[in-house]
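Residue-level structural notes
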Amino acid sequence: MTVELGILISISSVFVAGIGVLIAYLTYQSKKSTSTKSDTKESAELKAGVDYIRKGVDDIRIDLRANEKQMVALGERVTRIEESTKQAHKRIDKISPE
């Protein structure tokens, strides 16, 4: 009877150890799945943030081009005004004796 009891205890301990290994494996798979979901979520948030920044940079470039065009136009106007002023001064100098 003690031999049978020893065999029964050995078989039951192998069974319990097998259940423990199965539980550990299932826990590992569950955490792995959760980690993958978390990584995917973080990656999607990061991509959305980068896309937002890219759009902002594109908007800044468009505004910068518009400002450059305005600066060129203003530069041309200032040049024309300086030329006109120079001509006006010449005419004034001719009119008024010093």
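Residues numbered from 1 in each chain as written. Predicted model: local features only at pLDDT ≥ 70, side-chain atom pairs only at ≥ 80, totals over all residues. Heavy atoms only, no water.

Side note on the overall build of the chain
The secondary structure content of the chain amounts to one helix and zero strands. Buried positions account for 0% of the 98 residues belonging to the chain. Carbon together with sulfur atoms contributes 65% to the accessible area of the chain, which is approximately 9300 Å² in total. (Helix = DSSP H or I, 4+ residues; strand = E, 2+ residues; numbered from the N terminus. Buried < 20%, exposed > 50% of the residue type's maximum accessible area, 1.4 Å probe, protein only. Areas by Shrake-Rupley, 256 points an atom, 1.4 Å probe, with all protein chains shown as cover.)

Quick notes on the pattern of salt bridges
Inspection of every chain in the model, using the stated rule, returns four salt bridges. A salt bridge links D51 to R54, with the nearest nitrogen and oxygen atoms 3.0 Å apart. Remark: R54 and D51 occur in helix 1 (residues 2-95); sequence separation between them is three residues, near one turn of the helix. On the basis of relative accessibility, which here comes to 32%, the residue D51 falls in the partly exposed class. Look at R54 and you get partly exposed, because its relative accessible area is 48%. Between R61 and D58 there is a salt bridge, and its shortest N-O distance comes to 3.9 Å. Of the two residues, R61 and D58 both sit in helix 1, three residues apart, roughly one turn of that helix. For D58, a relative accessible area of 36% puts it in the partly exposed group. One salt-bridge network, held together by shared partners, links K47, D51 and R54. (Salt bridge = Lys/Arg side-chain N within 4 Å of Asp/Glu carboxyl O.)

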